[in-house]
Amino acid sequence: MALMFYNTMSRAKEAFEPLEKGHVRMYTCGPTVYNFAHIGNFRAYIFEDLIHRFLRFKGFRVTQVMNLTDIDDKTIKGSRAKGITLDEYTAYYKNIFFEDLKTMGITPAQHYPEATRHIPEMVDIVKRLVAKGVAYEVGGNYYFSIAKFPSYGKLSHLDMSGLKAGARIATDEYEKESFSDFALWKAWDAEDGDVFWETELGKGRPGWHIECSAMSRKYLGETFDIHTGGVDNLFPHHENELAQSEAAFDKPFVKVWMHCEHLIVEGRKMSKSLGNFFTIRDILAKGFPAPALRYVLLATHYRQQLNFTFDSLNAAREALVRYNDFYNNLKEYQGTAADGEGGLVIDKMLAGFEDALDDDLNMSPALGEIFDFIRDINRLKSEGRLSAGEKARALAALEKVDSVLNFLQKKEESDPEIENLIARRNEAKKARDFALADKIRQDLLAKGVILEDTPQGTRWKRKI
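Conventions adopted
- Numbering of residues starts from 1 in every chain and runs along the sequence as written.
- A pLDDT threshold of at least 70 governs which residues receive local features in this predicted model, and a stricter bar of 80 or more applies before side-chain atom pairs are shown or counted, although totals over entire chains, interfaces and linings include all residues.
- The side-chain figures draw on all heavy atoms in the structure; neither hydrogens nor water molecules are used.
- Think of it this way: DSSP has to see at least two bridges between two strands before they count as a pair.
- Only DSSP runs of H or I reaching four residues or more are called helices, and only runs of E reaching two or more are called strands; each is numbered from the N terminus.
- Geometry of aromatic contacts follows a simple scheme: Phe, Tyr and Trp rings, the Trp one being its six-membered ring, pair when their centres are within 6.5 Å, and the pair is stacked under 30 degrees between planes, edge-to-face over 60, tilted otherwise.
- The buried label goes to any residue with under 20% of its type's maximum accessible area, the exposed label to any with over 50%, and the partly exposed label to all in between, with areas taken from a 1.4 Å probe on protein chains only.
- Here the expected length of a helix is defined as 1.5 Å per residue gap, with one fewer gap than residues.
- Only heavy atoms enter the contact rule, under which two residues are in contact if any of them lie within 4.5 Å.
- Here a polar contact means two N or O atoms within 3.5 Å. Within protein one must be a hydrogen donor candidate and the other an acceptor candidate, and residues neighboring in sequence count only if both atoms are side-chain atoms.
- By convention, a crossover is right-handed whenever its connection, traced from the first strand over the helix to the second and viewed with the strands pointing away, goes clockwise.

Enquirer: What's the story with the sheet that holds strand β13 (residues 263–265) in this structure? I'm lost.
Expert: Strands pair in a sheet through their backbones, by hydrogen bonds, and they do so in one of two ways: parallel or antiparallel. With respect to topology, 3 strands assemble into an open sheet ordered β14-β13-β15, the strand pairing being mixed. Where the open sheet ends on each side, the last strands, each with one partner, are β14 (268–269) and β15 (306–308). Bridge count between β13 and β15: 3 bridges; the pairing is parallel. Directly across from valine 265, in β15, lies its bridge partner phenylalanine 308.

Enquirer: Help me out: how do you make sense of the packing of aromatic side chains in this one?
Expert: One pair of aromatic rings is described through two measures. These are the centre distance and the angle between the planes. Inspection of the entire model under this criterion finds 27 aromatic pairs. Between tyrosine 45 and phenylalanine 97 the ring centres are 5.5 Å apart and the planes differ by 75 degrees, which places this aromatic pair in the edge-to-face class. Within this pair, whereas tyrosine 45 is found in helix α1 (residues 39–57), its partner phenylalanine 97 is found in helix α3 (residues 86–103), the two being separated by 52 residues in sequence. Look at tyrosine 45 and you get buried, because its relative accessible area is 5%. With a relative accessible area of 3%, phenylalanine 97 lands in the buried category. Among the aromatic residues, those joined into a ring-pair cluster are Phe42, Tyr45, Phe97, Phe98 and Tyr112.

Enquirer: Sorry, what's going on with helix α11 (residues 363–382) here?
Expert: Each α-helix turn comprises 3.6 residues. Residues three or four places apart therefore point the same way. Here α11 contains 20 residues, and its C-alpha end-to-end distance of 29 Å stays within 8% of the 28 Å for a straight helix at 1.5 Å per residue. Within the sequence span of α11, burial applies to Met363, Ala366, Leu367, Glu369, Ile370, Phe371, Phe373, Ile374, Asp376, Ile377, Leu380 and Lys381. Against α1, α8 (290–299), α9 (310–331), α10 (341–358) and α12 (388–405) lie the buried residues of α11. Just downstream of α11 lies glycine 384, where phi reads positive at about 70 degrees.

Enquirer: Whenever I open this one, the environment of serine 79 confuses me. Can you help?
Expert: Locating serine 79 in the fold gives a position in helix α2 (residues 73–82). Looking at serine 79, the relative accessible area reads 2%, which means it is buried. Residues serine 79 and glycine 221 lie 142 residues apart in sequence; the distance between their C-alpha atoms is 33 Å. Beyond its immediate sequence surroundings of up to four residues, serine 79 is in contact with Ile84, Thr85, Leu86 and Tyr89.

Enquirer: For this particular structure, what's the right way to read the side chain of threonine 28?
Expert: With respect to the helices and strands, threonine 28 occurs in strand β3 (residues 23–28). A residue is classified by how much of its surface remains accessible, and threonine 28, at 0% relative accessible area, is buried. Residues in contact with threonine 28, not counting those within four places in the same chain, are Glu48, Gln64, Val65, Met66, Asn67 and Thr228.

Enquirer: What am I meant to see in the environment of arginine 25 here?
Expert: Mapping arginine 25 onto the fold places it in strand β3. Look at arginine 25 and you get buried, because its relative accessible area is 16%. Discounting residues that sit within four places of it in the chain, arginine 25 has contacts with Leu19, Thr63, Leu220, Gly221, Thr223, Phe224, Asp225 and Ile226. A polar side-chain atom of arginine 25 sits 2.4 Å from the main-chain carbonyl oxygen of leucine 220.

Enquirer: In this structure, what is going on with the pairing of β3? I would like to understand it.
Expert: Taken across its 6 residues, β3 has 6 buried, putting it largely inside the fold. Burial along β3 is two-sided: His23, Arg25 and Tyr27 facing one way and Val24, Met26 and Thr28 facing the other are all buried. Bridge count between β3 and strand β4 (residues 61–66): 6 bridges; the pairing is parallel. Counted as the bridge partner of tyrosine 27 is valine 65 from β4. Regarding topology, α1 serves as the crossover connection from β3 to the parallel β4, and that connection is right-handed. Both β3 and strand β11 (residues 224–230) contribute to a ladder of 3 bridges, which runs parallel.

This is the structure in structure tokens:
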């Protein structure tokens, strides 16, 4: 099967081939660093990580850019409320964001450009648009004239018949009904405080939308392969990005647009007022491990609304225990005689996994192939029909698909503290001091270490 992605522009699945053979250039909308990113944000970041990892699985080199919006209405308001500089305010949330990316096992992008470090590139685009007659100035503010870009609305498939020519809007985010000329550059006013740049456009700051056009062009070129984000970015942000970029450079902006659907919580829109608003740290504080959250955010197809529940987190944790136990137990398996079925099971899983993800990242059947594989390999082990060579191939196969999933919590080869406690427990059992042996087990369990007594001795693993 050819690799197929659903293109928001065409509203159809399309066979994907990058513009440059073997190299995919991808832009992903990152956070506005005014607060902690929530699990709805991370649904998009995990979806983008899936694209990145699967493209590498397929043998592509990937250049991913994820921007950091550190200058907009929200960051200015937050920094002024705290009485600190914009850089001081956003630096805290940038650090939190990168910690959360690591916690969630997300592959680092190649570039994380900050908007405040790319003002000259933004000014250049605005000047180009003015020179072409597509942008205009009013009182030091520069606006994009959507009436001068006839294909405006083509990405989000808007009906522009109700457009009121000349209507303008300066705020960074607005509702779908606001088909208005949008701000490229905002003249300084008292609300901005000490946040401004002196440029050829005057004293002021950029609008939100121009930031992504400037940074994607710098790191990926005027036309690139994939632009991603949540459906909430589709309009106005992505529509405006597309219009200003194509108007400025007279080239197609993006080959494939990909958007993931919203996340809701227990059937309701996530909201602080409803008490169902969660950050990564909130989920961890409730005792759930990050891999279980990663599993939940991956398991539902990205174009379907995801209903996040704590039951789904518990189910994910159980699935990951099965997945990791399979891997660790198989590593200790010695192998027996075989009749070749093991090889067929491995080949079926690898082919089925890739075929499912080739079909617009269809994760549910991909996971189904893996758990069928786990069941069948375990059956062959129990029947004494899995060779040492098939065992090695099965381990390699799971590691290969895990390069996409990142679910494996590989056991440390040794941990002196844990090994010493296990030795003390074994001595206590020999001395029939079962109270001490049980206490050691419980103490280790409190630290997230599970003991398993087997005929080959006591084994341990980290709790998922």
